[in-house]
Amino acid sequence: MVKIASWNINSVRLRIDQVARFVDEHEPDVLCLQEIKTLEKNFPHEAFETLGYTYRAVHGQKGYHGVATVSRIPFRDFSKHDWQDNGEARHIGVELLGRGQGLILENVYIPAGGDVPDRQVNPKFGQKLDFLDRMTRWAGEIERPTLLVGDFNVAPLECDVYDHRALLKVVSHTPIEVEALSRLRDAHGWVDLGRHFIPPPGRNYSWWSYRSYWRQKDHGRRLDHMWASPELVAQAKAHTFVEDTRRWEKPSDHVPLVTEFDL
DNA sequence: ATGTCAGGATGGTCCTGA
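Residues numbered from 1 in each chain as written. Chains lettered and ligands numbered in written order. Predicted model: local features only at pLDDT ≥ 70, side-chain atom pairs only at ≥ 80, totals over all residues. Heavy atoms only, no water.

A. Inspection of the overall build of chain A at higher detail. From N to C terminus, chain A includes seven helices and 14 strands. Radius of gyration (C-alpha) of chain A: 17 Å, near the 18 Å computed for a compact globule of 263 residues. Of all 263 residues assigned to chain A, the portion counted as buried reaches 54%. Sequence-distant contacts, at least 24 apart, represent 66% of the contacts inside chain A between residues at least 6 apart. If you sum the accessible surface of chain A, you get close to 11600 Å²; carbon and sulfur atoms cover 47% of it. If you average the places of the 34 positive and of the 38 negative side-chain charges in chain A, the two averages end up 4 Å apart. (Helix = DSSP H or I, 4+ residues; strand = E, 2+ residues; numbered from the N terminus. Rg over C-alpha atoms; globule rule 2.2 N^0.38 Å. Buried < 20%, exposed > 50% of the residue type's maximum accessible area, 1.4 Å probe, protein only. Contact = heavy atoms within 4.5 Å. Areas by Shrake-Rupley, 256 points an atom, 1.4 Å probe, with all protein chains shown as cover. Lys, Arg positive; Asp, Glu negative; His and termini not counted. Charge placed at Lys NZ, Arg CZ, Asp CG, Glu CD.)

As structure tokens, this is what we get:
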């Protein structure tokens, strides 16, 4: 079995001890991180080496964003896209080796999109939609089994938010974003493993605002996802959201997702 | 009831992004 995890860590340097605890408790073979908030040269390579993650691909930037994939299974760097064409580090792709024909693992941090769901008023919302459109064109060309994971910053289903009606005009759950995400999924025929294993209306939030009102009310949203190519779905044997991490001291606002594959 | 958090540059607090 190969265990693959994805976690928006919200600063990998600040939370490296939490990463170590998560690794100790869950032993993922591969860990995809988003919002590492550091340049590659300041990434805690030694800590990951000690944890057994010999193979590391880091696409970092100073202060904001940034993604990294670390692995105990050999991989080769495969791709590094900039779907905003503005230099932000939001994607890293690797090919896991030694597992049959190889598995492509794409780790992405889709832009949050600002506060106002109108590209005329808020350019960040337009950037988010354009990012999704460019990913969709890219996805149409994929010809190999591909697992797409990360913080997508979109909660697509009604049951993916605490109040569907209240959030229809809130960035992350607007129909225009949900439709764009749906086009991305259909461009390759990906299967949403979160809802494959926890069918609607099962609760599986992955993000809660740090603002205490929402946290106390359990007002979560499912912003983090793992999507599998159709030919990979039968090999996915288990999928969980690890909510324990929310109760740790100074947690990330996102929780990890873990899928076990029989590759 | 958007009530917080993190990083960075600055200069000992503010700004940006989320």
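B. Spotlight on the layout of surface pockets. Put simply, the largest pocket is a space of about 920 Å³. For the lining of the largest pocket, the leading source of residues is helix 3 (residues 123-139), giving three residues. The residue inventory of the lining of the largest pocket, partitioned by class, reads ten nonpolar, eleven polar and eleven charged. (1 Å grid on protein atoms, 1.4 Å probe; cavity = no way out; pocket = protein on both sides within 12 Å on 5 of 7 lines; lining within 4 Å. Points joined across faces, edges and corners; volume = space filled by probe spheres on them. Nonpolar A, V, L, I, M, F, W, Y, C, P; charged D, E, K, R; others polar.)

C. Region of the structure containing the protein's contact with DNA strand B. Neighbouring DNA strand B are 21 residues; Ser11, Arg15, His65, Arg90 and Arg211 lie closest to it. When atoms of DNA strand B within 4 Å of the protein are split into backbone and base, the sugar-phosphate part holds 75%. At 2.7 Å, a side-chain N or O of arginine 90 approaches a phosphate oxygen of DNA strand B. Counting residues per element, the surface near DNA strand B draws most heavily on helix 6 (residues 212-217), at three residues. (Near = heavy atom within 4 Å. Polar contact = N/O pair within 3.5 Å; in protein donor to acceptor, adjacent residues only side chain to side chain.)

D. Fine view of the UniProt feature "site: Transition state stabilizer" (unreviewed entry) in chain A. Following the UniProt record, one finds the feature "site: Transition state stabilizer" (unreviewed entry) at Asn153. Overall, the relative accessible area of 9% leaves asparagine 153 in the buried class. What asparagine 153 contacts, discounting residues up to four positions off in sequence, is Tyr109, Ile110, Pro111, Ala112, Lys128, Ser172, Glu177 and Leu223. A polar contact of 2.8 Å, which involves the side chain of asparagine 153, links it to the backbone oxygen of isoleucine 110. (UniProt positions renumbered as here; feature names shortened; annotations may be inferred.)

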